[in-house]
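# Survey of secondary and tertiary structure
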Amino acid sequence: MPCVGDWLNSPLSIVQGIFAQNVPNSDWEKKVTEYFKEKLKENNATNWVPSLNDVPVHYLKPNSLVKFRCMVQDMFDPEFYMGVYETVDPNTNARVLHFGKYRDMPECGPQQEIDLNSSLTVTSERQTFYCVPVPGESAWCHAYVSASQARVSPSTSYTPSRHKRSYEEDEDMDLHPSKQKEQHMGKSCCSGGDIHGCVEPKRLETEASAGHHVISPNCSPPLDLNFPLPGEKGPACLVKVYESWESFKVNDVLEVFGVLSVDPVLSIVNSEERDSSALDPMECMDTAEEQRVHSPPASLVPRIHVILAQKLQHINPLLPACLKEEESKTCEFVSNFMSELSPVRAELLGFLTHALLGDSLAAEYLILHLISTVYARRDVLPLGKFAVNLSGCPRSSAFTEHLYRLLQQLVPASFHLRMSIESMNHSRLIPRKDYTANRLVSGLLQLASNTSLLIDETQLEQGQLDTAGVHNVTALGNLITWQKVDYDFSYHRMEFPCNINVLITSEGRSLLPSDCQVHLQPHIIPPNMEEYMSSLLTAVLPSMLNKFRIYLSLLRLLDYSISDEVTKAVEEDFVEMRKNDPESVTADDLHKMLLVARFLSLSAGQTTLSRERWLRAKQLEALRKARLQQQKCVNGNEL
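Where an unreviewed UniProt entry is consulted, the chain appears under the name Mini-chromosome maintenance complex-binding protein, with the organism given as Notiomystis cincta. Quoted straight from UniProt, the Subcellular location (unreviewed entry) entry for the chain says "Nucleus". Under the UniProt heading Sequence similarities (unreviewed entry), the note attached to the chain is "Belongs to the MCMBP family."

## Focus on the overall build of the chain
Across its full length, the chain carries 20 helices and 23 strands. Each of the 639 residues in the chain was classed as buried or not, and the buried ones make up 51%. Across the chain, the fraction of contacts at a sequence separation of at least 24, relative to all contacts at a separation of at least 6, is 75%. Accessible surface for the chain amounts to roughly 30300 Å². Of this, 52% is attributable to carbon and sulfur atoms.

## What about the pairing of strand S22 (residues 501-505)?
Summarising burial for S22: five of the five residues are buried, a large majority. Burial of S22 is two-sided: the residues Asn501, Leu503 and Thr505 facing one way and the residues Val502 and Ile504 facing the other way are all buried. As defined by bridge partners, strand S15 (residues 388-391) adjoins S22 across three bridges and the pair is classed as parallel. The residue bridging Asn389 from the neighbouring strand is Ile504, located in S22. Across five bridges, strand S19 (residues 452-456) lies against S22 in parallel orientation. Of the residues in S22, the one forming a bridge with Asp456 is Thr505.

## Side note on the pattern of salt bridges
Summed over all chains, the structure comprises 29 salt bridges. Notably, a salt bridge pairs Asp589 with Lys625, separated by 3.4 Å at the nearest N-O pair. One end of the pair, Asp589, is in helix H19 (residues 587-603); the other, Lys625, is in helix H20 (residues 611-635), with 36 residues separating them in the sequence. Asp589 sits in the buried class, given a relative accessible area of 12%. In this structure, a network of salt bridges that share partners links the residues Glu29, Lys101 and Glu243.

## Things to note about the sheet that holds strand S23 (residues 516-519)
Neighbouring strands of a sheet are bound in pairs by backbone hydrogen bonds; such pairs are parallel or else antiparallel. Strand order in this open sheet of five strands is S16-S19-S22-S15-S23, and the pairing throughout is parallel. Edge positions in the sheet fall to strand S16 (414-418) and S23, since each of these pairs with one other strand and no more. Averaged over all adjacent pairs, the angle separating strand axes in this sheet is 20°, with direction ignored. Note: S15 against S23, four bridges, orientation parallel. Bridge assignment links Leu390 to a residue of S23, and that residue is Val518. Running over the sheet, helix H12 (residues 360-370) touches S15, S19, S22 and S23 and is turned about 150° from S22.

## Thoughts on the environment of Tyr404
Along the chain, Tyr404 turns up in helix H13 (residues 399-408). Placed 49 residues apart in sequence, Tyr404 and Leu453 show a C-alpha to C-alpha distance of 9.5 Å. Setting aside anything within four residues of it in sequence, one finds Tyr404 in contact with Ser414, Phe415, His416 and Leu454. A polar atom in the side chain of Tyr404 sits 3.4 Å from the backbone nitrogen of Phe415.

## Re the environment of Phe129
Inspection of the secondary structure puts Phe129 in strand S5 (residues 122-132). Using a relative accessible area of 0% as the deciding quantity, one classes Phe129 as buried.

## Comments concerning helix H17 (residues 542-555)
The terminal C-alpha atoms of H17, which comprises 14 residues, lie 20 Å apart, in line with the 20 Å expected from a rise of 1.5 Å per residue. Within H17, ten of the 14 residues are buried, leaving the element largely enclosed by the surrounding structure. The set of residues buried in H17 consists of Met544, Leu545, Phe548, Arg549, Ile550, Tyr551, Leu552, Ser553, Leu554 and Leu555.

## Some words on the packing of helix H2 (residues 11-22) against helix H3 (residues 28-41)
A pair of packed helices can be characterised by two numbers: the angle between their axes and the separation between those axes. Between H2 and H3, whose axes approach to 9 Å, the crossing angle comes to 140°. Taken together, the axis directions place H2 and H3 in an arrangement best described as oblique. Crossing hand, H2 versus H3: right-handed. The segment H2 lies against H3, with Pro11, Ile14, Val15, Ile18, Phe19 and Asn22 engaging Trp28, Lys31, Val32, Tyr35 and Phe36. Classifying every residue of the contact of H2 with H3 gives nine nonpolar, one polar and one charged.

## What about the environment of Gly258?
Take Gly258: it is sitting in strand S11 (residues 253-261). Residue class for Gly258 comes out buried when judged on its relative accessible area of 0%. Along the backbone, Gly258 and Val239 are 19 residues apart, and their C-alpha atoms lie at a distance of 8.8 Å. For Gly258, the contacting residues outside a window of four places in its chain are Ser64, Leu65, Val66, Ile304, His305, Val306 and Ile307.

## What about unusual backbone geometry?
One non-glycine residue, Asn63, adopts positive backbone phi at about 65°. For Asn63, the position within the fold is in the loop between helix H4 (45-48) and strand S1 (65-75). Owing to a relative accessible area of 36%, Asn63 belongs among the partly exposed residues under this scheme.

Reading the values: the criteria
Residues numbered from 1 in each chain as written. Predicted model: local features only at pLDDT ≥ 70, side-chain atom pairs only at ≥ 80, totals over all residues. Heavy atoms only, no water. UniProt positions renumbered as here; feature names shortened; annotations may be inferred. Helix = DSSP H or I, 4+ residues; strand = E, 2+ residues; numbered from the N terminus. Buried < 20%, exposed > 50% of the residue type's maximum accessible area, 1.4 Å probe, protein only. Contact = heavy atoms within 4.5 Å. Areas by Shrake-Rupley, 256 points an atom, 1.4 Å probe, with all protein chains shown as cover. Pairing = 2+ DSSP bridges. Salt bridge = Lys/Arg side-chain N within 4 Å of Asp/Glu carboxyl O. Axes fitted to C-alpha atoms, helices over the stretch in contact; angles between N-to-C directions. Polar contact = N/O pair within 3.5 Å; in protein donor to acceptor, adjacent residues only side chain to side chain. Expected span 1.5 Å × (residues − 1). Parallel < 35°, antiparallel > 145°, perpendicular 65-115°, else oblique. Left-handed = near helix turned anticlockwise from the far one by under 90°. Nonpolar A, V, L, I, M, F, W, Y, C, P; charged D, E, K, R; others polar.

This is how it looks when you write it as structure tokens:
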């Protein structure tokens, strides 16, 4: 029987064994998938697989089994490959059958040639996805995954002949030149614990630092790694999928397990192809730019040949990966957490009340916002979205900046968009198709589902929006209202549905649409906002902070329903409200109250609407509207 080291270190040898035993039967591919699926089901087996999110690619053994948690940024054209091929020895005429799956190029031994005319040759098809780390993934999320990852023992690690710094270290050197000086003075620097070893001070290869541009000796101009958000770290990968790729689409979040390919031959072949196509353009339909983007050096953009892949419901590492499965461990986890839900909600409400300067009503609505999610679509209308405009935010104290830092500690993925005339005119929010390179150029709004987007309007001043600025503001409005982004394909726009939680902070009423406006009424004006917000985090126990994170991720995944009896009671109640105040109570108010009631119920761990929660929703809405009316009277204009 193969040992652990075999299927981790040499998965292709396992595939070779299964292939040899089952040829000429065509079910050998299914048996390969089943083998690795069973291996990964074993106790903590997935933690033993090195992750490209945590380990720099040059510390991983080529052709070993790796995993990658990523978002599909682009989808390239399908490619054909030799699934099964035959080699022949010209001297002895001996023939050997090989598999081409999970490899970039067919291989043959010494004194062997590939018989291109063999009747046993099988041409197959695979799909290539360009994948990037999940945009805006929170530091705590990444740190927890790294900590739970089992240390790779020497038998499963790969010691390169040349040591190179990781992405994070290169970034650190750029930001702190003194550290670079210390290294040249002979101080050792270790990265990532035991598996990385010590890094020599000499820089041997240029790598990605801030994440957007990588200078490659074979590529000019610099290679753009096409990350949606600025400052992102980590590798981009070409993920080659062999089965069921139709179920994956752009912006899906995946966890893939597959064979790592960083063969330098790929760079040589691609370089030769570019040179030959330059000499004779008729030989290749692809442009040089397309070849450069679709076939980057494997040392910079490694390939993963997928054996197993799954679409992730969420990226919170504190929760089981799939909560829909009726597994005993999953059910036990959910039931145990639900038993302590009430005190966790009370603690979270108190925490957010302090973060919102003592405003408990705004804190209630912020909880409802954070657990909201698009659960269905009726025609073009997304159901379940709950974009909140938090107006009345202080402008001079960098309140929004510190609020965002607190929210980063609670949600798995987020982004802070500082809205100004300059940023709207010059930022690329909408992804666009580059037909020269045949790729999708990313934009700031290319985000994974359930990402929290905080839009800060407090720094917005008067000015003139140009054409790009108008398109960007329109895109933000469409995102909030319809939960979709219209990607720019030059000749037409293509709708990409999304599920983004949008929180807008502003002084007055936002320029952007929202589902609910809550006017902030601070009860505390701290003299030092940074010190005040930092003290809030340090006062929370790490165990309680983790419960907050589980609470917010788990509740948005729960199912919810309204019984016929409660539906009838709500309808009668609404008719009565219309009788008493026909001018101010509208169908839109009913929709809003039902949304608030939904999230109030879920926030208490209840998956059905009760009379009590409906009355509480009405009360909250009345308080919110009264506050807006009061502010309108004070200012003399509508907020």
